[in-house]
Amino acid sequence: MDRISEILGRMGGVNLLPVALAAVAFILIGAPSSWATLTVAGLAMGMMVFLMASGLSLVFGLMDVLNFGHSAFVSFGAFIAATVLAGLSTWLAADSVALNSAALVMAFLAAILFGLVAGWFFETVIIRPVYKDHLRQILITMGAMIVAEQTILAFWGGTPFTVLRPHFLEGSWIIGDVSIEIYRGFAFLLGLAVFVGLYLVMNRTRIGLLVRAGVENREMVEALGFRVDRLFIAVFMLGSGLAALGGAMWAGYETLITPALGSELMIIVFIVVIIGGLGSIEGTLLGAILVGLMSNYLGFLAPKMALASNMILMVAILLWRPNGLKPAV
Amino acid sequence: MSLLTLDHMKTDIGQYAVLHDVSLTVPEGGVFVLLGRNGAGKTTTLRSIMGLWNASPGSVKFRGQDITQLHTAEIAKLGIAYVPENMGIFGTLTVDENLVLAADKGRIDPVRLKRIHELFPALERFRDKKAWSLSGGQKQMLSVARAIMEPRELILIDEPTKGLAPAIVDSMGEAFREIGQDSTILLVEQNFNFARKLGRDMAVIDDGRVVHQGSMEAFAADTGLQDRLLGLAM
């Protein structure tokens, strides 16, 4: 058994799980084109969930804060991006990639900017008084989530809001029998770019070194002369900004959004953070991809099981690895 | 001249009063040893000096400056390093990454690094290894090395010999003797034989109070006092 674990470890260890899942799904689905479409959809979904979950994982791991209000950043990101896109509808409809891209970038920037500012406010006003008190954290962040949802309801109304997509992201790429929605490909690439950026920051910079050390032993980082509380604000703002970007991406993916979007996604986001391992960017990516693939494969193979699929995945992984697949510590 | 002065320091942890009245003067230079039995308040004293637990009422003065209410990071920046009982190494980081975190602005002084590698050769051999993979003694070396990565005036070291093999304890003693030439060490230790060889001054703490302070030489020579205090306190 140890020998098998060692061989698997050398081959990539838990990183092989998505490959194994895809291989099993390939056999069960049978049709390669359907499998390829579902795989791309799963990867795209995984990357969007990764955007939302990566910040929460860092906040969880570094700050030991249970932030149920994280969904507010997702929802606001979605609605703000959708509003900017609606305001720039003529740019979106134009047959110009430059104008399309400009509208998209502005929508994303608006969402991220909101996430950063709101993250700073949220950490300073709501989170800081309840550090080290999980029960109060849950209560106050749940309360903040409800307030955020109601605020969105007050500003944007209760009817579903239609999200416009840039012209150049409409349609599909057809490769043989396989149809790949362009927006999903874009979501995958954007998520990958964010992952690479985060990975480089965490592993190649002093700030990343501090965050990793802080996840492991906050006190010792402070005893070395660093203000971890200031690092917390930066990490919280980053996490909120990424959640807002994830919400903006999800809005374009769904094309019809409601104020409950964030809280609906939160279950998946928490599952990803838990199975990935707290405070770990690589673990979050792995968890997000597994959740994305599992949702899509089971949605095709056994639609009635789709809702429970992520819960089953979480239970199975936690029974095997109680600290998640790739915990930071 | 006194480097550190604790004046009627009292520390509560939650609803429990751990330090009742700790008054202590640590002179500049050499090794000052704080002795006491388990639960006497030695670790709490060090943590209170570092600002990890709030000492109130009472005061902690470093070079005459009141640091009682300062943040731990600000205390560290004044030139006080801390080697905790659990060593506090970052297991997921490499040996070199642990040292980089302790270096000013992340730039390691090659002369200091060379000295550290001379003191603790294992750290040079395993510089790219993850710290969790080191042995207990090597982890302790890394923890001490991190504390001397930059010039420090005062180094607080909590039970560094606990669980270490005798050979490692000896080399740790040699290292402390050398470090003590440049910095003052406030050493919490239960191993009296180890402590008596290093300490110039000492104090005994019991039940959250300092019950004796004096020179180690006089204390080591006075077996009656040792019997009375160590018999009571150790």
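Everything discussed here concerns the structure shown above.
In this report, we go over the structure that sits alongside the text. Quantities reported herein were computed from a predicted structural model and do not represent experimental measurements.

Some thoughts on the overall build of chain B
Then, in step 1: Helix and strand content of chain B: 10 helices and 10 strands.
Then, in step 2: Its C-alpha radius of gyration of 17 Å places chain B within 12% of the 17 Å reference for a compact globule of 234 residues.
Then, in step 3: Its C-alpha atoms give chain B principal-axis dimensions of about 45 × 40 × 35 Å.
Then, in step 4: Counting contacts in chain B only where the partners sit at least 6 residues apart, residues at least 24 apart contribute 69% of the total.

Topic: the overall build of chain A
Then, in step 1: Summing up its helical and strand segments, chain A has 14 helices and four strands in all.
Then, in step 2: For 329 residues, the compact-globule estimate of 2.2 N^0.38 gives 20 Å, and chain A sits close to it at 20 Å.
Then, in step 3: Dimensions of chain A, computed from C-alpha atoms along their principal axes, come out at roughly 60 × 55 × 35 Å.
Then, in step 4: A total of 329 residues make up chain A; the buried ones form 51% of that total.

Quick word on helix H7 (residues 134-156) of chain A
All names here are of chain A.
Then, in step 1: Helix length check: H7 (23 residues) gives 32 Å between terminal C-alpha atoms against 33 Å at 1.5 Å per residue, within 8%.
Then, in step 2: Among the residues of H7, Gln137, Thr141, Ala144, Met145, Ala148, Glu149 and Ile152 are the ones counted as buried.
Then, in step 3: Turning to H7, the residues buried within the fold contact helix H4 (70-87), helix H6 (97-127) and helix H12 (261-276).
Then, in step 4: Among the residues trailing H7, Gly157 stands out with phi positive, at a value near 80°.

Let's talk about the interface of chain A and chain B
Accessible area lost during the coming together of the parts is what is often quoted as the interface size.
Then, in step 1: Taken together, the contact pairs 16 residues of chain A with 18 residues of chain B.
Then, in step 2: Secondary structure elements with two or more residues in the side of chain A that touches chain B: helix H9 (206-216) and helix H10 (218-223) of chain A.
Then, in step 3: Here the side of chain A that touches chain B takes five residues from H9(A), the largest share from any one element.
Then, in step 4: Of the residues belonging to the side of chain A that touches chain B, the class tally is eight nonpolar, two polar and six charged.

A short note on the pairing of strand S4 (residues 59-62) of chain B
Residues and elements named next belong to chain B.
Then, in step 1: Residues Val60 and Phe62 line the buried face of S4, whereas the alternating positions Ser59 and Lys61 sit on a face that is not buried.
Then, in step 2: Relative to S4, strand S1 (residues 2-13) is paired through four bridges, and the arrangement is antiparallel. In the sheet register, Leu4 faces S4, and the bridge partner there is Phe62.
Then, in step 3: Note: S4 against strand S5 (residues 65-66), two bridges, orientation antiparallel. Residue pairing for S5: Phe62 is matched across the bridge by Gln65.
Then, in step 4: Between S4 and S5, which follow one another and run antiparallel, lie two residues, and Arg63 among them has a positive phi close to 50°.

A short note on the packing of helix H3 (residues 32-63) of chain A against H12(A)
Residue and element names in this part refer to chain A.
Then, in step 1: One way to put it is that H3 packs onto H12 with a least axis distance of 9 Å and a crossing angle of 60°. As judged from the angle between their axes, H3 and H12 are oblique. Helix-helix and strand crossings are classified by hand; for H3 and H12 the assignment is right-handed. Here Val49, Met52, Ala53, Leu56, Ser57 and Phe60 of H3 lie close against H12, whose contacting residues are Leu265, Ile268, Val269, Val272, Val273 and Gly276.
Then, in step 2: Tallied by class, the residues present in the contact of H3 with H12 amount to 10 nonpolar, two polar and no charged.

Some points on the environment of A:His167
Residues and elements named next belong to chain A.
Then, in step 1: Within the secondary structure, His167 is located in the loop between strand S1 (161-162) and strand S2 (172-175).
Then, in step 2: Taking the C-alpha atoms as reference points, His167 and Ala94, 73 residues apart in sequence, are found 7.2 Å from one another.
Then, in step 3: The contacts of His167, once residues within four sequence positions are left out, are Leu92, Ala93, Ala94, Asp95 and Asn100.

Some remarks on H12(A)
Then, in step 1: Given a rise of 1.5 Å per residue, 16 residues ought to cover 22 Å, and the 22 Å separating the end C-alpha atoms of H12(A) matches this to within 8%.
Then, in step 2: Immediately beyond the C-terminal end of H12(A), within one or two residues, lies A:Gly277, with a positive phi of roughly 105°.

Quick look at unusual backbone geometry
Then, in step 1: Non-glycine residue A:Lys132 carries a positive phi angle of around 70°.
Then, in step 2: Considering the arrangement of structural elements, one finds A:Lys132 in the loop between H6 and H7.
Then, in step 3: On the basis of neighbour count, A:Lys132 is assigned to the exposed category, with 9 C-beta atoms found within 10 Å.
Then, in step 4: With a phi close to 40°, B:Glu159 is a non-glycine residue in the positive phi region.
Then, in step 5: Judged by C-beta crowding, with 20 C-beta atoms within 10 Å, B:Glu159 ranks as buried.

Digging into the nonpolar core
Then, in step 1: By size, the foremost hydrophobic cluster in this structure holds 185 residues, and its most contacted members are A:Ala81, B:Leu156 and B:Leu187.
Then, in step 2: In terms of residues, this core owes the most to one element, H3(A), which gives 19 residues.
Then, in step 3: If we skip the residues at most four places from it in the chain, A:Ala81 touches A:Ala107, A:Phe108, A:Ala110, A:Ala111, A:Ala248 and A:Ala251.

Conventions we followed
- Residues numbered from 1 in each chain as written.
- Chains lettered and ligands numbered in written order.
- Predicted model: local features only at pLDDT ≥ 70, side-chain atom pairs only at ≥ 80, totals over all residues.
- Helix = DSSP H or I, 4+ residues; strand = E, 2+ residues; numbered from the N terminus.
- Rg over C-alpha atoms; globule rule 2.2 N^0.38 Å.
- Contact = placed C-beta atoms within 7 Å.
- Buried ≥ 20, exposed ≤ 12 C-beta atoms within 10 Å, placed from the backbone.
- Expected span 1.5 Å × (residues − 1).
- Nonpolar A, V, L, I, M, F, W, Y, C, P; charged D, E, K, R; others polar.
- Pairing = 2+ DSSP bridges.
- Axes fitted to C-alpha atoms, helices over the stretch in contact; angles between N-to-C directions.
- Parallel < 35°, antiparallel > 145°, perpendicular 65-115°, else oblique.
- Left-handed = near helix turned anticlockwise from the far one by under 90°.
- Core = buried A, V, L, I, M, F, W, Y, C linked by C-beta atoms within 7 Å.

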